[in-house]
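What the coordinates show
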Amino acid sequence: MYEKPMFFETDDLAEGIYLSSGAGDTCWQYQGWRPDDNFFVEGVDEYRFRVDFKHIEVNHYNSKDAYVTLFFNHPVTVVSCDHVSGGTSGISGNGTTTISFTTDMGLGNNQNENFSIGMRVKTQNNVKPAVTGGTIVDKG
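This text gives an overview of the structure that appears in the document. (Residues numbered from 1 in each chain as written. Predicted model: local features only at pLDDT ≥ 70, side-chain atom pairs only at ≥ 80, totals over all residues. Heavy atoms only, no water.)

**Examining the packing of aromatic side chains**
This is how the line gets drawn: Each aromatic pair joins two rings of Phe, Tyr and Trp (for Trp, the six-membered one) with centres within 6.5 Å, and gets the label stacked for planes under 30 degrees apart, edge-to-face for over 60, and tilted for any other angle. Runs of E in the DSSP output that reach at least two residues are strands. Runs of H or I that reach at least four are helices, and both are numbered from the N terminus. When accessible area is computed with a 1.4 Å probe and restricted to protein chains, residues below 20% of their type maximum are described as buried, those above 50% as exposed, and intermediate ones as partly exposed.
Tallying each qualifying case throughout the model produces six aromatic pairs. Centroid distance Trp-33 to Phe-49: 5.4 Å. Interplanar angle 80°. Geometry classified as edge-to-face. Of this pair, Trp-33 sits in strand S1 (residues 28-41) while Phe-49 sits in strand S2 (residues 46-55), and the two are 16 residues apart along the sequence. The exposure class of Trp-33 is partly exposed, given its relative accessible area of 25%. Here Phe-49 and Phe-72 contribute two aromatic rings whose centre-to-centre distance is 6.1 Å and whose plane-to-plane angle is 65°, an arrangement assigned as edge-to-face. Of this pair, Phe-49 sits in strand S2 while Phe-72 is found in strand S3 (residues 65-82), placing the two residues 23 residues apart along the sequence. Using a relative accessible area of 1% as the deciding quantity, one classes Phe-49 as buried. Among the aromatic side chains, those forming a connected cluster through ring pairs are Trp-33, Phe-39, Phe-40, Tyr-47, Phe-49 and Phe-72.

**Structural notes on the side chain of Asp-52**
We count it as follows: Whenever a nitrogen or oxygen atom comes within 3.5 Å of another N or O atom, the pair is scored as a polar contact, on the condition that within protein one atom can donate a hydrogen and the other can accept it, and that pairs from neighbouring residues in sequence are kept only if both atoms are in side chains. Two residues form a contact once any of their heavy atoms are found within 4.5 Å.
Within the fold, Asp-52 resides in strand S2. Of note is the side chain of Asp-52, whose polar atom sits 2.7 Å from the side chain of Arg-34. Not counting residues up to four positions away in its chain, the partners in contact with Asp-52 are Gln-29, Tyr-30, Gln-31, Gly-32, Arg-34, Phe-115 and Ser-116.

Here it is in structure tokens:
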């Protein structure tokens, strides 16, 4: 169970300290991304693809919600983002190379379990996007 760290300040100590963000567990490994068969959809000018992660912890239970951050080679604007287990909310970073959102994982603690997110994005001047990395962090 997570407990918020406590600290105090005193003038007679010269030690530096590092505080953890308390953001939760990072038990997912980014596996890559794959374009859908219909990668670029003319008329609506959007790109469709999936982003894949793998659960790398043996004894870990995922909370229902998690923070997802994806990194792109060019600025993107998210049209939609979802997966089989549930939806997403709180999408931020549109128009940048870093997109973040909260997702309903709906998963347990199975090692090597896969998690895939379906994405539809637009880019400026229809520049072909690529996902360069990603993280999933349990909300705890």
